[in-house]
Amino acid sequence: MKTIKQFLEALLELISLIITTPITIIIWLWRKIKEWWKKRRTWVKVLLISAIALFLVSDDLCNVKRFINSYNSHWEHYLTDETSVHTFHKGARLYSDISEKYLTPRYEWILFSAHHPDYDDSLTVFCKDNKRGFLNCYTGEIVIEPQYEAAWVFSDGLAAVKKDGKIGFINKKNEIVIPFKFGYYKRNYDFDQIDYAFHNGYCYMIDSSGLQGVIDKSGEWRIEPIYAYINKNWGRDDFYVIGEDGKVGYINSKMEVVLPTEYDDIIKESDGFILTKDHRKWKIDHDGNVIIPFMYDYIVKMEYIANYNSDADEVYVLSDEFMRYCINGYYGIYNVKTNEIVTPAIYISIDMFNKDLFNVQSANYSGYIIDGKGNIVVKEL
């Protein structure tokens, strides 16, 4: 028993030592830290405050650096074979791809999109202090000081400029060739923007009603402003014209009306015109003679139910007499045996009811039954 008692006492002393030793060490460390803090707390506070300030300043510096980088980064735009326009976060500069140097200071913008073959690429428009002028595309030299409210590229030796709300035309010496007498109006029928540039002696212009015409280099109307839209044919000098009601016409390079604005569509070909009007389509030569009296966008065979089989399924038969043709999304009936147009293309759907009858639907969704002559047999289905 005595041995057991001694063992237990020793075990308790060991446990007490294990418990008290860490506590003693912690108390000793705490006292040392307090002594160290009393001696150095001022410097530690200074270091902490400095670290926080450095972090904040470095973050602001990164933001400033990012702004500077974005301000100085640029996008390159082709202007000539020797130069390009560099556009920045704010402004633009002319750059020489030969010397790899900037030719101009930073302006608000420099026009770089004038690549039409009719345009004069020796000068381009630039903006400074919200005024437009012209500079040399190759040297960056200012040829016409910025002084206009708006300006367009040079073509045929002239450029349109806007002053006091009016459009006139100047030459490269900044001399007024056509007075400021044209208003700057919005076109009623806007497919694209007018470039206000002369092409082979003629320039589009808009009047106060929003209608469009064509002027010559004397500033006179060669095509009166009576059209909603005028479209110059690419590579040619003739024009498609569109009236206020959406009908189209045609004007030749001599500014002569070849076809009035009364057609739904006009396709010019080398030997004449394909015309669409009143749900019909045909072709004429340049003298107005009809050379193909009947045309269509496409034509398809038609079928009808001729009988039923033993399973009560429909038996369809192709018609050998009638076909359905389409013009501008509308359908008509054509007799292939007699080569006659049974109906103009005025229906939104046509189906054969039987060998000689048709179920048709008009544009207002009214249904009819018509016969092989186009006569209405049954109204309002």
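Rules used in this analysis
Residues numbered from 1 in each chain as written. Predicted model: local features only at pLDDT ≥ 70, side-chain atom pairs only at ≥ 80, totals over all residues. Heavy atoms only, no water. Patch = residues over 30% accessible without salt bridge, like charges linked within 9 Å, V, L, I, M, F, W, Y side chains within 5 Å. Areas by Shrake-Rupley, 256 points an atom, 1.4 Å probe, with all protein chains shown as cover. Salt bridge = Lys/Arg side-chain N within 4 Å of Asp/Glu carboxyl O. Helix = DSSP H or I, 4+ residues; strand = E, 2+ residues; numbered from the N terminus. Phe/Tyr/Trp six-rings, centres within 6.5 Å; stacked < 30°, edge-to-face > 60°. Buried < 20%, exposed > 50% of the residue type's maximum accessible area, 1.4 Å probe, protein only. Lys NZ or Arg CZ within 6 Å of the ring centre and 35° of its normal. Pairing = 2+ DSSP bridges.

Enquirer: Just to check I follow, could you spell out a nonpolar patch on the surface for this structure?
Expert: On the surface, a nonpolar cluster with roughly 450 Å² of combined accessible area is contributed by I15, I18, I19, I23 and I27. Take I19: it is sitting in helix α1 (residues 2-72).

Enquirer: How should I be thinking about the packing of aromatic side chains in this particular structure?
Expert: In this description, an aromatic ring pair is defined by two values, namely the gap between the centres and the angle between the planes. If you walk through the whole model with that rule in mind, you get 17 aromatic pairs. Geometrically, the ring pair formed by W152 and Y184 is tilted, given 5.9 Å between the ring centres and 50° between the ring planes. Within this pair, whereas W152 is found in the loop between β9 (150-151) and β10 (159-163), its partner Y184 is found in the loop between β12 (176-183) and β13 (202-206), the two being separated by 32 residues in sequence. Using a relative accessible area of 15% as the deciding quantity, one classes W152 as buried. The partly exposed category is assigned to Y184, whose relative accessible area is 43%. Taken together, the ring pairs in this structure connect F294, Y296, Y325 and Y334 into an aromatic cluster. When the ring centre of F88 is taken as origin, the NZ or CZ atom of R106, which lies over that ring, is 4.1 Å away. If you follow R324 out to its NZ or CZ, it ends over the ring of Y331, 5.6 Å from the centre.

Enquirer: Even after reading the chapter, I still don't get the pairing of strand β15 (residues 221-227), so can you show me in this structure?
Expert: On a regular strand, each side chain points to the face opposite its neighbour's, so the side chains alternate between the two faces of the sheet. The pairing of strand β14 (residues 212-216) with β15 spans 3 bridges and is antiparallel. Bridging from a neighbouring strand, Q212 pairs with Y227 of β15. Two successive antiparallel strands, β14 and β15, enclose a turn made up of 4 residues, where G219 displays a positive phi of approximately 85°.

Enquirer: Honestly, the pairing of strand β11 (residues 166-170) in this entry has me stumped. Any pointers?
Expert: Most of β11 sits inside the fold, with 4 of its 5 residues counted as buried. Inspection of the sheet shows β10 paired to β11 by 5 bridges, in the antiparallel sense. Across the sheet, residue V161 finds its bridge partner in β11, namely G168. Turn length for the β10-β11 hairpin, with the two strands adjacent in sequence and antiparallel, is 2 residues, and the turn residue D164 shows positive phi of about 55°. Alignment of β11 against β12, held across 4 bridges, turns out to be antiparallel. Among the inter-strand pairings, I167 is bridged to a residue of β12, identified as F182.

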